[in-house]
Amino acid sequence: MTHVIHKLSFGDKLQVHNVHGAFNALEGADKLSSNPLASHDYILKIVPTVYEDMSGKQRYSYQYTVANKEYVAYSHTGRIIPAIWFRYDLSPITVKYTERRQPLYRFITSICAIIGGTFTVAGILDSCIFTASEAWKKIQLGKMQ
């Protein structure tokens, strides 16, 4: 029961670059080198997902995580025919992605933080250099021992 899963997805396909999720977690699952007599059990946890863009348009899709196991099944009469099982569980929680622009005040605050940090580091360096030069002058004059 070797196999390759090319695509397994639920709902509409979200083609959004800034949303990283498991919308096709089994894409490219390759079991060609597995035991040909083994059964495969895929346990899927499906999570409803809503994506809202800046215009307010909502798109609905589903993400899922997967756990799988491979086993050779036996019964009291002998080995059971291999199979592939897809078991799924729908989550009662929905994930919502909302696309928003950052406000102008956040940009201004970031610029002020960068400038303030630069002045602080420059002040620390200036203080260290000044203290070291004063100590060096005292050593040259022989006042420090």
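Residues numbered from 1 in each chain as written. Predicted model: local features only at pLDDT ≥ 70, side-chain atom pairs only at ≥ 80, totals over all residues. Heavy atoms only, no water.

What follows concerns the overall build of the chain. Looking only at helices and strands, one finds one helix and nine strands in the chain. Here the C-alpha coordinates of the chain stretch approximately 100 × 50 × 25 Å along the principal axes. When each of the 145 residues of the chain is scored for burial, the buried share is 19%. Contacts in the chain between residues far apart in sequence, at least 24 positions, make up 71% of those at least 6 positions apart. Accessible surface, the chain as shown: approximately 11100 Å² in total, 60% of it carbon and sulfur. (Helix = DSSP H or I, 4+ residues; strand = E, 2+ residues; numbered from the N terminus. Buried < 20%, exposed > 50% of the residue type's maximum accessible area, 1.4 Å probe, protein only. Contact = heavy atoms within 4.5 Å. Areas by Shrake-Rupley, 256 points an atom, 1.4 Å probe, with all protein chains shown as cover.)

Within the largest apolar cluster, seven residues are counted, these being Ile 5, Leu 26, Ala 29, Tyr 42, Leu 44, Ile 46 and Tyr 64. The element contributing the most residues to this core is strand β4 (residues 39–52), with three residues. Excluding its chain neighbours within four sequence positions, the residues that come into contact with Tyr 42 are His 3, Ile 5, Leu 26, Lys 31, Val 66, Ala 67, Asn 68, Ile 84, Trp 85, Phe 86 and Arg 87. (Core = buried A, V, L, I, M, F, W, Y, C linked by side-chain atoms within 4.5 Å.)

Under the criterion given, the structure shown has two aromatic pairs. When the centroid spacing of 5.2 Å and the interplanar angle of 10° are considered together, the rings of Tyr 42 and Phe 86 count as stacked. One end of the pair, Tyr 42, is in strand β4; the other, Phe 86, is in strand β8 (residues 84–90), with 44 residues separating them in the sequence. For Phe 86, a relative accessible area of 40% corresponds to the partly exposed category. (Phe/Tyr/Trp six-rings, centres within 6.5 Å; stacked < 30°, edge-to-face > 60°.)

Turning next to the pattern of salt bridges. The full count for this structure, using the stated rule, is four salt bridges. With a shortest N-O distance of 2.7 Å, Asp 41 and Arg 87 are connected by a salt bridge. One end of the pair, Asp 41, is in strand β4; the other, Arg 87, is in strand β8, with 46 residues separating them in the sequence. Here Lys 137 ties to Glu 134 by a salt bridge, and the two come within 3.8 Å at their closest N and O atoms. Of the two residues, Lys 137 and Glu 134 are both situated in helix α1 (residues 104–141); the distance of three residues between them amounts to about one turn of the helix. Overall, the relative accessible area of 48% leaves Lys 137 in the partly exposed class. (Salt bridge = Lys/Arg side-chain N within 4 Å of Asp/Glu carboxyl O.)

Mapped onto the present numbering, the UniProt feature "transmembrane region" (unreviewed entry) falls at residues 104–125. Helix and strand shares over residues 104–125 are 100% and 0% respectively, and the end C-alpha atoms of the span are 32 Å apart. (UniProt positions renumbered as here; feature names shortened; annotations may be inferred.)

Let us now look at the environment of Asn 35. Position of Asn 35 among the secondary structure elements: in the loop between β3 (29–30) and β4. When the C-alpha positions of Asn 35 and Phe 107 are compared, they lie 57 Å apart, and in sequence the two are 72 residues distant. If we skip the residues at most four places from it in the chain, Asn 35 touches Glu 70 and Val 72. Reaching out from Asn 35, the side chain makes a polar contact with the backbone nitrogen of Leu 37 at a distance of 3.0 Å. (Polar contact = N/O pair within 3.5 Å; in protein donor to acceptor, adjacent residues only side chain to side chain.)

Now for a nonpolar patch on the surface. On the surface, Leu 104, Phe 107, Ile 108, Ile 111, Ile 114, Ile 115 and Phe 119 cluster together into a nonpolar patch covering about 740 Å² of accessible area. With respect to the helices and strands, Phe 107 occurs in helix α1. (Patch = residues over 30% accessible without salt bridge, like charges linked within 9 Å, V, L, I, M, F, W, Y side chains within 5 Å.)

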